[in-house]
Amino acid sequence: MKAAIRHMMRNRRRTILTLLAVLIPIYFLIVMFGFINSMVQDMFESSTRFDTGHMQIRAEETRATGSALPLMNDPADALAALDSIEGIEWSTVRLDLPALASVGDRTRTVFVRGVVPEEIDPISNMADRIVEGEFLTSTSPGVLVGEELAELLDLGLGDDMVLLGAHPEAGLGAIRAPIVGIFSAPEATIGRTFVYASLDTARQLARNDTAATAIVIRVDGVVGPQDAALMERKAEALRAVLPPGFEVQDWLELLPVMDGYMQILTPMLLIMAIVFFGLGALVVVNTLYLSVMERTREIGLIIALGASRLRVMGMVLAEAGIITVAGAFYGALVGVGIILIVEAFGGIPLWGQMAAYMREIGIPPVLHISITAPQVLLSAGAMAIVAMLAAWMPAWRASKLEPMEAMRYVE
């Protein structure tokens, strides 16, 4: 150990280079983890707060319903089962129906979303998006339309819209509803296709006073995707008490795009880690190999004086180990420090379309970088293992030197 430290101090430039070869990959990987965690958190927050909740109870699909969700004729039994589960922060009943919106000779295909207006704040900021008129109430017979749909159908406040329901399980239904409000949608597609109504109004369209397509649920204590285990436990508990004919869909089932993103995330991280660690390993191999070459005569003399080849190998590995541990520690320290400094200043402000979209759905347009202790330990530990494996080859070569040939070695 003393010999390893002495040699490191004698060749400070090479020692610093090897240290940086370990430190830099760990730093970049930790910061990359931080950015990815932030993006996943923002996607989770925007999706679960704006539409899906953390999970939903739906009717099991017993026959093809096309783009329509299976209909629950009466969600009372499912709601009773939900009441028996502890740790549920919030829930509401919703009814989504495909329909035709008709005004005069103009017709558009839409989705009518029946909601309990007083209950939807945890997953919708629609009440804050009204640009004309007023928000719904449970007793309101009217509907809300997006600016895009209002323009397409030439609608204004107070105009009547005829809605023709066409759910495969509910049959045909029709209502005439006045426009009580026009909202600004976060996406043009939503503004063109969604019509919001009170749950009672949507049930009139379905010709069923108790119909629903989903019970939207938020779980208490869930902050982000890192709480997936908690959400899964609640989903399993709910599945165990639900009567036949109902199913629970978690947030990944409700958000297939998010699920696909999460599935490609791991391979991407793995590829980037391999690149970073591979470059670091090459530098470690190169510097230690040069170190062994420079010390060929010294190593030969040590072996000639009776040192075992295992001890010589241990001497080189000890040098690599000291540098690796120091590099892993300082790499983790720098990476975590950068993240803490960024967060101390309030995160990274976003701009452009992304910022506008996040404002639209009620989320501050700021990128918050976050990292977990397991991710820090994984980054530092993986690089340390890679560096030690890379150091094995120069150490093995040093242990195989023949004393006489080594002592005659000339650089």
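Residues numbered from 1 in each chain as written. Predicted model: local features only at pLDDT ≥ 70, side-chain atom pairs only at ≥ 80, totals over all residues. Heavy atoms only, no water.

Asks: I'd love a proper account of the nonpolar core, names of residues and values included.
Replies: Among the nonpolar cores identified, the biggest contains 82 residues, and I57, V112, M161, L163, V195 and L238 are the most heavily contacted of them. Among the elements that take part in this core, helix α2 (residues 12–52) stands out by supplying 10 residues, more than any other. Those residues in contact with M161 that lie beyond four places of it in its chain are A101, S102, V103, V145, L149, L153, L155, I175, R176, A177, I179 and V195. If you look at the next biggest cluster of nonpolar residues, it comprises 14 residues, including F50, L136, L144 and V180. (Core = buried A, V, L, I, M, F, W, Y, C linked by side-chain atoms within 4.5 Å. Buried < 20%, exposed > 50% of the residue type's maximum accessible area, 1.4 Å probe, protein only. Helix = DSSP H or I, 4+ residues; strand = E, 2+ residues; numbered from the N terminus. Contact = heavy atoms within 4.5 Å.)

Asks: Before we move on, can you summarise the packing of helix α11 (residues 309–344) against helix α13 (residues 373–399) with the specific residues and values?
Replies: Contact geometry of α11 with α13 gives a least axis separation of 8 Å together with a crossing angle of 155°. Looking at the two axes, α11 sits roughly antiparallel to α13. Classified by chirality, the crossing of α13 by α11 is right-handed. Across from R309, V312, M313, V316, L317, A320, G321, T324, A328, A332 and V336 in α11, the residues of α13 making contact are V376, A380, A384, A387, M388, A391, W392, P394, A395, W396, A398 and S399. Per-class residue counts for the contact of α11 with α13 are 19 nonpolar, three polar and one charged. (Axes fitted to C-alpha atoms, helices over the stretch in contact; angles between N-to-C directions. Parallel < 35°, antiparallel > 145°, perpendicular 65-115°, else oblique. Left-handed = near helix turned anticlockwise from the far one by under 90°. Nonpolar A, V, L, I, M, F, W, Y, C, P; charged D, E, K, R; others polar.)

Asks: Describe the packing of α2 against α13, naming the residues involved and giving the relevant values.
Replies: Two elements in contact, α2 and α13, have axes whose closest approach is 9 Å; the angle formed by their N-to-C orientations is 150°. Of the possible angle classes, the one that applies to α2 and α13 is roughly antiparallel. Considering only the axes of α2 and α13, their crossing is right-handed. Contacts between α2 and α13 involve A21, V22, P25, I26, L29, I30, F33 and N37 on the former and, on the latter, Q375, V376, L378, S379, A380, M383 and A387. A class-by-class count of the residues in the contact of α2 with α13 yields 12 nonpolar, three polar and no charged.

Asks: Summarise the pattern of salt bridges; cite the residues concerned and give the values.
Replies: Under the counting rule described, the total for this entry stands at six salt bridges. For the salt bridge of D105 with R106, the shortest nitrogen-to-oxygen distance reads 3.7 Å. In this structure, E253 engages R239 in a salt bridge whose closest nitrogen and oxygen atoms are separated by 4.0 Å. Of this pair, E253 sits in helix α8 (residues 251–254) while R239 sits in helix α7 (residues 228–241), placing them 14 residues apart in sequence. Taking the relative accessible area as the measure of exposure, E253 reaches 46% and is therefore partly exposed. Salt bridges linked by common partners bring E232, E236, R239 and E253 together as one network. (Salt bridge = Lys/Arg side-chain N within 4 Å of Asp/Glu carboxyl O.)

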